[in-house]
Every structure is written in structure tokens, then in C-alpha cells.
Amino acid sequence: MNTRERIIDAAEQVIREHGIAGATTKRIAQRADCSEALLYKHFTGKERLVLAVLLERMPAMAPALARLELEAGQGDLVANLTAFALTALDFYGKAAGIASGVIGDPQLLAGFREMLATIGGGPHLPIERLARYLREEQRLGRLDSALDSAAAATLLMGACFHRANLSYFVTLPDEPARWAEGIVRAAVRR
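Residues numbered from 1 in each chain as written. Predicted model: local features only at pLDDT ≥ 70, side-chain atom pairs only at ≥ 80, totals over all residues. Heavy atoms only, no water.

### With respect to the overall build of the protein
Within the protein, the secondary structure is distributed over 10 helices and 0 strands. C-alpha atoms of the protein, sized along the principal axes, occupy 55 × 35 × 30 Å. Out of the 190 residues in the protein, the part that is buried amounts to 42%. Across the protein, every contact between residues at least 6 apart in sequence was considered, and the portion connecting residues at least 24 apart equals 70%. Of the roughly 10400 Å² of accessible surface on the protein, a fraction of 55% belongs to carbon and sulfur atoms. Across the protein, 23 positive and 22 negative side-chain charges occur, with their mean positions spaced 1 Å apart. (Helix = DSSP H or I, 4+ residues; strand = E, 2+ residues; numbered from the N terminus. Buried < 20%, exposed > 50% of the residue type's maximum accessible area, 1.4 Å probe, protein only. Contact = heavy atoms within 4.5 Å. Areas by Shrake-Rupley, 256 points an atom, 1.4 Å probe, with all protein chains shown as cover. Lys, Arg positive; Asp, Glu negative; His and termini not counted. Charge placed at Lys NZ, Arg CZ, Asp CG, Glu CD.)

### With respect to the side chain of E137
With respect to the helices, strands and loops of the structure, E137 is situated in helix α8 (residues 125-139). On the basis of relative accessible area, E137 is assigned to the buried category, the value being 0%.

### Remarks on the nonpolar core
Counting 60 residues, the largest nonpolar core has I28, L81, F84, I98, L130 and L134 as its most contacted members. A total of 12 residues in this core trace back to one element, the largest contributor, which is helix α6 (residues 77-103). Once you skip the residues sitting within four places of it in the chain, I98 turns out to touch I15, I20, V50, V53, L54 and M58. (Core = buried A, V, L, I, M, F, W, Y, C linked by side-chain atoms within 4.5 Å.)

### Here's the deal with the pattern of salt bridges
Following the criterion strictly, the structure yields 9 salt bridges and no others. A salt bridge links R4 to E56; the nearest nitrogen and oxygen atoms lie 2.8 Å apart. Of this pair, R4 sits in helix α1 (residues 3-22) while E56 is found in helix α4 (residues 46-57), placing the two residues 52 residues apart along the sequence. The exposure class assigned to R4 is partly exposed, which follows from its relative accessible area of 27%. On the basis of relative accessible area, E56 is assigned to the partly exposed category, the value being 36%. A cluster of three or more residues bridged by salt bridges with shared partners is formed by R4, E5 and E56. (Salt bridge = Lys/Arg side-chain N within 4 Å of Asp/Glu carboxyl O.)

Written out as C-alpha cells, the structure is:
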């Protein structure tokens, strides 16, 4: 494992154990068995390191979206979207602790927002990609052309985000796959 990978692994572990506020660069460097200077050689700031943990260590939303886009016009639409919704639910569930920590730290949040603006990234992008996929399914005649694809994508992703956050506080009654299929059917109403 190279140094960068070791630092990301250490950051993920420290964030899980101490939360974002307790995940100091000093603690992360100690866990990675490197100096803080070496940490900053690989990451310009804590924001970049947190983003690397989100993008490289959490269940990957981008590959799931890419699979969905490749499946346009193929297979069962509800099954394809349900599989994607389960990945989104898993991602949001595992990323919630990091996201809430970033939101709860005004300085880190400002730096994170600035970094996302600079790289053209952000949590809105998966919703936009999902909406494009839904538009393609409309073009192929597999979805009602009157469906507002942007609203349906927002509803689907928002429901996954909400359920993931609720699961931190209560045990939810519905099994995730059954829940995901119901949300998909409600969002795309075929």
C-alpha cells in the first residue's frame, strides 16, 4: 500500500472512531505512521482528504450510475433502478457521519464548498446523472414522456438520503430491497 492509500485508510478509521471534529491531521498522520508534513504533501488540506475518503472508500455511486447508464433500454427498468437505489442507500448510510461532521464545522464546510466549486463537484451531480438516465429511458419509450425526470431523480435520491439518515436513529420496519422497489415504483409511476 502506498503512502497516499495509507493516509486515506488512516483518515477513514480516525473519522469512524472520533468523528470529523476529532479527526485532526495530527491524529490521522499518527495512525498512518507518517508526519503531518507528509500528509500535506499528498493532500492540500483536510477537505481534500475527506473528499478522498468519500470518493475512494465509500460504496461508489459513480460506478453504479455508469452501470445504470449502460443498462438504458435493457433489462427490467424497476429492477435496474432498485439496484441503484440500494447502492445509493448504502453510500448515504456510510457517508452520513462524514457529511454531518462537515456540515457541523463551519470552517471545514466553507473549505469543502470552495473545493467542490473549484473542481466542479458536489452532491447534486448524481441526481443530474440519474435524471439524464431517466430522460434516456423516456426517449427509448420505457418511461412515460410526461414524467419530470429531474423531479423523479430528486425524489429517488432524496428518499435514499432520508432513509439512510433515519436508520441512525431508529430500526426501520421495511427490508431495504422491498423499500427501494417501492420508492422506485412511486418515483417513476409506470
